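Here is what each chain is made of, one letter per residue.
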Amino acid sequence: MAVTEKAMHATNGHTSPPASKPADGYTIIGSRPVRPDGVDKVTGRAIYGADVRLQGLLYGKVLRSPHAHARILSIDTSKAEALPGVKAVVTGADLPTAADKVEDLGESAINLKYLSANILAHDKALYHGHAIAAVAAVDSHTAEEAIGFIEVKYEVLPPVMTVDDAMADNAPILLDGLRTDEMGEMGSKPTNLAKHFRHQQGDLAAGFAAAEVVVERTFRTETVHQGYIEPHTGTAQYNTDGQVTIWASTQGTFAVRNQTSEILRIPVSQIKVIPTEIGGGFGGKINVYLEPVAVLLSKKAGGKPVKLVMSRTEVLQATGPTSGSNIRIKIGADANGKITAAHAELYYEAGAFPGSPVGAAANVVLAPYAIDNLQVDGYDIVVNRPRSAAYRAPGGTNAAYATESVLNEIAEKLGIDQAHIRLINGAKQGDRRPDGVQHTEPIGLLETVQAIAESDHYNTPLTGKYQGRGIACGYWNNWGGKSSATAVLNADGTVSLNEASTDIGGSRASIAMQFAEAVGIGYEQVKPRVGDTDSVAYNDVTGGSRTTFSTGMAAHNMGVEMLSQMKERLADVWEVDAVEYADGEFSGGDNHISFQEAAALIYKTGEPLMVSSTVFPRSFGPGFSTQLADVEVDPETGKVTILRYTIAQDVGRAIHPSYVEGQMQGGVVQGIGWALNEEYIYNEKGQLLNGSLLDYRMPTALDLPMIETILVEVPYPGHPYGVRGVGEVNIVPPAGAIANAVANAIGSRMFELPMSPARVLEAMKE
Amino acid sequence: MQAFDFVSARSVDEVVAALAAGGERARPLSGGTDLLTQLKEGRRAYETVVDLKRIPELMEIRIGTDGLWLGASVPCHLINKNADIQKMYPALHDSTGLIGGTQIQGRASLGGNLCNASPAADGIPNLIVHSVTAHIAGPNGSRTLAVEDFCVAPGRNALQSGEVLVALQFPAPGKNFGAAYLRFIPRNEMDIAVVGAGASVVLSDDGQTIQSARISLGAVAPTPLFVKAAGEALAGQPVSEETLEKAAQIAQEAAKPISDMRGTIAQRKHLSGVLTKRALRIAIDRARGTSTVDSLGRLNGNG
Ligand SMILES: Cc1cc2nc3c(=O)[nH]c(=O)nc-3n(C[C@H](O)[C@H](O)[C@H](O)COP(=O)(O)OP(=O)(O)OC[C@H]3O[C@@H](n4cnc5c(N)ncnc54)[C@H](O)[C@@H]3O)c2cc1C
């Protein structure tokens, strides 16, 4: 039986922080303690990737292709090697031949052959900024000068920049060996279309025939970047005994180890990856770019450690981004607003190598709604842009933007309120996702729509002529994945918790909280730390909204286990049958001692106490979010101002509500950037023009209202505390909500992202 | 970035000597917020950089009956927080408050903004509408130049080899004077102007008639544009939306923008008119001491 519990409160900039009070029935969970990494971060003491300093460190620099599409005829590195201070130069020729095999990285998967060609181009440069060669030198200035001395001869080829270019007859081919996977059958001709797949349910034609209204629209979205603050870095030392150490700012140390191992053909046992603090990832710090190159350089430089750090321009040119897309959506509904059929066609730009997030997009695109008759076609297409990487609910934002826009058009045609049409069609437990996966457990979509419909925001009327309001819903699958951790009971009654999920959003705190709750001790008594790849068993990436869920589950298991072992040990010492633990006190027979005293006693009377847990939850709770945007459009400039924004999200159980709210607000902010101004701008040669944060326009603090959050808690029964992943679904609805608000404000609908001022102005003229 | 010699000059003569000796390979430095980024990005390379910030004349703010003497290297924040300047030269206050953020304003000077000669510089249109004269020192002595003639091409100014900009001289504003600078950017911070517009007016004592006006546009031509005809068309006209619309039309026609990633020709021409009108409204409000428009120059929060 589903228990729906709504913990609602809106935060805004003018009230003091919410009280740190645990949720009902808990002593820790639901409170808001200070994060263990907080002091180091606010004092600047925290060590990030670029802060790594080692004895004898060399500084590397990567030479990148000025061309979007070119055959590499020759590379002459002799002049660079001759420059005093240069210790090593590497090119793609230094890479071993990689296996033609797909590696699953959790949030994304890639063929290792392509991964290898992405970190140092093999025979072709496939995008502006593609790495061609790299240098290690005594200082960064020398390295920079040296790459200027590398002579590369290119045969420049015509660039293929969009879905339409790539699919055109006689389009230039990017990858000679690529064949289309056409619904499971491999094609025979060279192509830029890597894959076409389809999900089908019911009878599409009958569904459309039963519709009162049918709306069909085509949308275009541009390439956007994750925009993490910390640029990519990688430092490596190749020891003369063949042992490799890598210092990485990454979402997954084991992912770095595996990829480096596969690309360089070094056994995983010879690679140790040490995580640093990480300044944001959003999916973009799962793939390796620099680490294997740093290893190669270190090896060539006689084992001296080598550090590579990207500039912001390199980050934008060569890492991330997520796919631009063309999306066609056709939805039919009966006179009551019930959807009778839907067909979605998703054409996603993978960048230079196959592997766009179109697969995930195909699940997101219609997922919030219960639709009997549907078809989803997904197309994965290579173009001369950087290889797409995972980005927060990969593929979801573009897909939902299209669906939510069309749904509002249908609501307008039928005269149905935009919240109401979502209540009419919203998916419930028992309904199926487009790919047929059934929601067997409770889901919270309708609760989030209801929360928005009842919010102060929705019930406050707009006041201006050029103001508009839009709603959109979103879905994200979330993930379980593998986690490992150990916990050591210290003699002073504290616990050292060693885990390997790199902490991007406060997960050390939320994992320590789950452990403390399970044991029944204070949060401050738990000392969490993120260890290297030699310190715990395999651990999947911090991604897929899985860390608080899975690593938290491991922490819970360890808490239960530690408490039980402590009771047993005390029972032995006290020679009693049973020991109880309540309110911080162990008791058995006439004995009553505190947790701290118990720890000391255990140390004095026997072997040290340590527990561990490894988990791989196969099922996990999906996330849903409904969002509400108010905008105002300046009719003379086309500039859109977000007046007010509210997000309701089913968070399962908010372990640390402040960090959950932070995730919700962060996802919305990124989605606002996606909606209004962020886009990759290329010239006709396929060169990226706006490779800086001056012209790649992410929202600044001055562009945003306080994002109001409503935490809806529909606990997920498969987790001891009801946790669902909360990191991603929040970015799915914003572009759709804002598109609906802008359409409402200007009285005409736009079909392209971003809705930048020039485009809005054009739309208003029509 | 390559190594260079750094000269910390203590007088205008020392600067002129160092620049003349270095020729094309030497360059003056005020706040460095343009120059150092250009050097770091490899867009320019110099062998000698001559710092101007220790020369008293270049760091001076002097307000007298004849107007304002503004040393070329005075940083924006000192200009922006000066209450007399805010009252007398309101457009100067506008632009010094929006060039960069707090850190940049602690360094960035208007002399640097002008000498860098960016078509989109936020400091230059207001210098033009305030009728500023540039005081220049060089190997052959001193000379002056109307600020609208100072920029000659994108990134190129009218200074000859060995010359340095010493100060910007603002005439006394007179009564019933008002001015404003507005720029359009897609976000609310961190962007280079898609279009900028400066406007100044002198009104009749009853505030009903425009006696004279000056209009200037940024980012719509190879150099910041002085739209003389738009100002002239306003002279002797009653203050009304129709009058302003006419000036906006002229400004829009005078704009000769290009399309690039920051804006299209059509958008920039359109915005030239919109911003001219809005800047004029603010300038008129300021001349009259009224507040009929919002901070963006909009009448009712809309157009
Ligand atoms: C983060 C950031 C944000 C910015 N935002 C804005 C903005 O919003 N609007 C805007 O317009 N600009 C902006 N700028 C650009 C820059 O800050 C301004 O143009 C500033 O006014 C330049 O002044 P400066 O004193 O730093 O010039 P400098 O960098 O010292 O000099 C600029 C140029 O002028 C020359 N020069 C300087 N002084 C003299 C002199 N006395 N005589 C002869 N030549 C001289 C220098 O040789 C150089 O070529 C920004 C820059 C940064 C880094």
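Computed from a predicted structure; not experimentally measured. (Residues numbered from 1 in each chain as written. Chains lettered and ligands numbered in written order. Predicted model: local features only at pLDDT ≥ 70, side-chain atom pairs only at ≥ 80, totals over all residues. Heavy atoms only, no water.)

Counting its secondary structure elements, chain A contains 19 helices and 31 strands. At 27 Å, chain A has a C-alpha radius of gyration in line with the 27 Å of a compact globule built from 766 residues. Dimensions of chain A, computed from C-alpha atoms along their principal axes, come out at roughly 85 × 75 × 50 Å. With 766 residues in all, chain A has 63% of them scored as buried. Long-range pairs, those at least 24 residues apart, make up 79% of the contacts in chain A with a sequence separation of at least 6. (Helix = DSSP H or I, 4+ residues; strand = E, 2+ residues; numbered from the N terminus. Rg over C-alpha atoms; globule rule 2.2 N^0.38 Å. Buried < 20%, exposed > 50% of the residue type's maximum accessible area, 1.4 Å probe, protein only. Contact = heavy atoms within 4.5 Å.)

Right, let's talk about the overall build of chain B for a bit. If you tally the helices and strands in chain B, you get 11 helices and 15 strands. The C-alpha radius of gyration of chain B comes to 19 Å, within 12% of the 19 Å expected for a compact globule of 303 residues. Taken along the three principal axes of its C-alpha coordinates, chain B extends 55 × 45 × 35 Å. Going through the 303 residues of chain B one by one, you find that 53% of them count as buried.

It is worth spelling out the domain arrangement of chain A at this point. The extent of an interface is frequently quoted as the accessible surface area lost upon association of the parts. Residue and element names in this part refer to chain A. What the domain assignment lists for chain A is domain 1 (49–157 + 232–309), domain 2 (325–478 + 621–765) and domain 3 (480–615). For domain 2 versus domain 3, the distance between C-alpha centres works out to 39 Å. Summing both sides of the interface, domain 2 and domain 3 together bury roughly 1200 Å²; the carbon and sulfur share of this comes to 67%. Considering only the side of domain 2, the residues that lose the most area to domain 3 are I655, H719 and Y721, jointly responsible for 40% of the buried surface there. The tally of links between domain 2 and domain 3 comes to zero salt bridges. Where domain 2 touches domain 3, the interface holds six residue pairs in polar contact (both at pLDDT 80 or more). Here the side of domain 2 that touches domain 3 is built from residues that sort into seven nonpolar, seven polar and one charged. (Domains from an automatic or database assignment. Buried area = accessible area lost by both parts, 1.4 Å probe. Salt bridge = Lys/Arg side-chain N within 4 Å of Asp/Glu carboxyl O. Polar contact = N/O pair within 3.5 Å; in protein donor to acceptor, adjacent residues only side chain to side chain. Nonpolar A, V, L, I, M, F, W, Y, C, P; charged D, E, K, R; others polar.)

To continue, consider unusual backbone geometry. Here the amide bond leading from L753 of chain A into P754 of chain A is cis, since omega sits at -5°, within 30 degrees of zero. Mapping P754 of chain A onto the fold places it in the loop between α18 (734–746) and α19 (757–765). Positive phi values are uncommon outside glycine, yet R392 of chain A reaches one of about 20°. Within the secondary structure, R392 of chain A sits in the loop between β20 (374–382) and α11 (396–414). With relative accessibility at 5%, the residue R392 of chain A sits in the buried group. For A117 of chain B, which is not glycine, the phi dihedral falls at a positive 55°.

Let us now look at the confidence of the model for chain B. Scored by pLDDT, chain B has a mean of 96; 99% of the residues are at 70 or more. Interface confidence for the predicted complex, given as ipTM, is 0.95, next to a pTM of 0.96. (pLDDT = per-residue confidence, 0-100.)

Our next topic: empty space enclosed by the protein. Empty space among the atoms becomes apparent when a probe as large as a water molecule is rolled across them. Evaluation of the coordinates by the stated rule reveals six cavities of 30 Å³ or more. The calculated volume of the largest cavity comes to roughly 180 Å³. Lining the largest cavity are 18 residues, and of these V640, L676, N677 and D703 of chain A together with P186 of chain B sit closest to its centre. Elements with a minimum of two residues in the lining of the largest cavity: β30 (640–650) and α17 (657–676) of chain A. Considering only residue class, the lining of the largest cavity consists of nine nonpolar, five polar and four charged. Estimated volume of the second largest cavity: approximately 70 Å³. (1 Å grid on protein atoms, 1.4 Å probe; cavity = no way out; pocket = protein on both sides within 12 Å on 5 of 7 lines; lining within 4 Å. Points joined across faces, edges and corners; volume = space filled by probe spheres on them.)

Below, the discussion takes up the interface of chain B and chain A. At the interface, 22 residues of chain B touch 27 residues of chain A. Taking both sides of the interface into account, the surface hidden between chain B and chain A amounts to around 2300 Å²; carbon and sulfur atoms contribute 52%. When the buried surface of chain B facing chain A is broken down by residue, P186, R187 and M261 of chain B rank first, second and third, together holding 29% of it. Remark: the boundary between chain B and chain A carries six salt bridges. A salt bridge links D634 of chain A to R278 of chain B; the shortest N-O distance between them is 2.8 Å. At the boundary of chain B with chain A, the tally comes to 15 residue pairs in polar contact (both at pLDDT 80 or more). The element contributing the most residues to the side of chain B that touches chain A is helix α11 (residues 265–288) of chain B, with six residues.

Okay, the site of the ligand next. Residues and elements named next belong to chain B. The ligand sits among 29 residues. The nearest are P28, T33, D34, S109 and D122. R27 is positioned with one of its side-chain polar atoms (N or O) 2.8 Å from an oxygen atom of the ligand. Side-chain polar atom of R183 to an oxygen atom of the ligand: 2.9 Å apart, as the coordinates give it. Protein contacts shield 86% of the accessible area of the ligand, which totals 970 Å² for the unbound molecule. For the shell around the ligand, the secondary-structure elements that each account for two or more residues are β2 (26–29), α7 (110–116) and β10 (164–171). Broken down by element, the shell around the ligand gets its largest block of residues, four residues, from α7. (Near = heavy atom within 4 Å. Areas by Shrake-Rupley, 256 points an atom, 1.4 Å probe, with all protein chains shown as cover.)

Another point: the side chain of N113 of chain B. Residues and elements named next belong to chain B. You can see N113 is positioned in helix α7. Judged by its relative accessible area of 12%, N113 falls in the buried class. Look past the residues within four positions of N113 in its chain and what remains in contact with it is I99, A121, D122, G123 and I124.

Residues and elements named next belong to chain A. With 89 residues, the main nonpolar core has L346, I410, Y645, I738 and M755 as its most contacted residues. No other element matches α11, which puts nine residues into this core. One finds L193, L264, V288 and L296 within the second-largest nonpolar core, a separate group that totals 64 residues. (Core = buried A, V, L, I, M, F, W, Y, C linked by side-chain atoms within 4.5 Å.)

Residue and element names in this part refer to chain A. Between helix α15 (residues 547–574) and helix α16 (residues 595–605), the least distance of the axes is 10 Å, while the angle of their chain directions is 65°. What the angle tells us is that α15 and α16 run roughly perpendicular. Crossing handedness for the pair α15 and α16: left-handed. Counting all contacts with α15, which are made through M566, R569, L570, V573 and W574, the residues of α16 involved are F595, A598, A599, L601, I602 and T605. Taken together, the residues of the contact of α15 with α16 break down into nine nonpolar, one polar and one charged. (Axes fitted to C-alpha atoms, helices over the stretch in contact; angles between N-to-C directions. Parallel < 35°, antiparallel > 145°, perpendicular 65-115°, else oblique. Left-handed = near helix turned anticlockwise from the far one by under 90°.)

The next thing to look at is the sheet that holds strand β16 (residues 271–275) of chain A. All names here are of chain A. One open sheet holds the seven strands; their spatial order is β4-β8-β2-β17-β14-β15-β16, and the pairing between them is mixed. Each edge of the sheet is formed by a strand with only one pairing partner; in this case those strands are β4 (86–91) and β16. Taken over all neighbouring pairs, the strand axes of this sheet differ in orientation by 20° on average, direction set aside. Judged from the five bridges that link them, strand β15 (residues 244–248) and β16 form a sheet pairing that is parallel. Residue pairing in the sheet places W247 in a bridge with I274 of β16. Lying over the sheet, helix α7 (residues 253–264) contacts β15 and β16, oriented at roughly 145° with respect to β16. (Pairing = 2+ DSSP bridges.)

Under the counting rule described, the total for this entry stands at 55 salt bridges over all chains. Linking R32 of chain A and E661 of chain A is a salt bridge whose minimum nitrogen-to-oxygen distance equals 3.1 Å. Linking R32 of chain A in the loop between β1 (5–7) and α1 (38–43) with E661 of chain A in helix α17, this pair joins segments that are 629 residues apart in sequence. With respect to burial, R32 of chain A and E661 of chain A carry one shared label: buried. The partner of R653 of chain A in a salt bridge is E713 of chain A, with the nearest N and O atoms 3.6 Å apart. One end of the pair, R653 of chain A, is in the loop between β30 and α17; the other, E713 of chain A, is in strand β31 (residues 707–713), and 60 residues separate them in sequence. Accessibility assignment for this pair places R653 of chain A and E713 of chain A in one class, buried. One network of salt bridges, with partners in common, ties together D634 and E636 of chain A together with E245, K277, R278, D294 and R298 of chain B.

All names here are of chain B. Each domain of chain B was delimited in the assignment, giving domain 1 (5–171) and domain 2 (177–288). For domain 1 versus domain 2, the separation of C-alpha centres amounts to 24 Å. Interface of domain 1 and domain 2: buried area, both sides summed, is about 1900 Å²; carbon and sulfur atoms make up 62% of it. Among the residues of domain 1 in contact with domain 2, P119, P125 and V129 are the three that bury the most area, contributing 28% of the side total. Notably, a salt bridge pairs R183 with D122, separated by 2.7 Å at the nearest N-O pair. If you look at where domain 1 meets domain 2, you find 10 residue pairs in polar contact (both at pLDDT 80 or more). Elements with a minimum of two residues in the side of domain 1 that touches domain 2: α5 (90–98), α8 (124–129) and β8 (151–153). Partitioning the side of domain 1 that touches domain 2 into residue classes produces 15 nonpolar, six polar and three charged.

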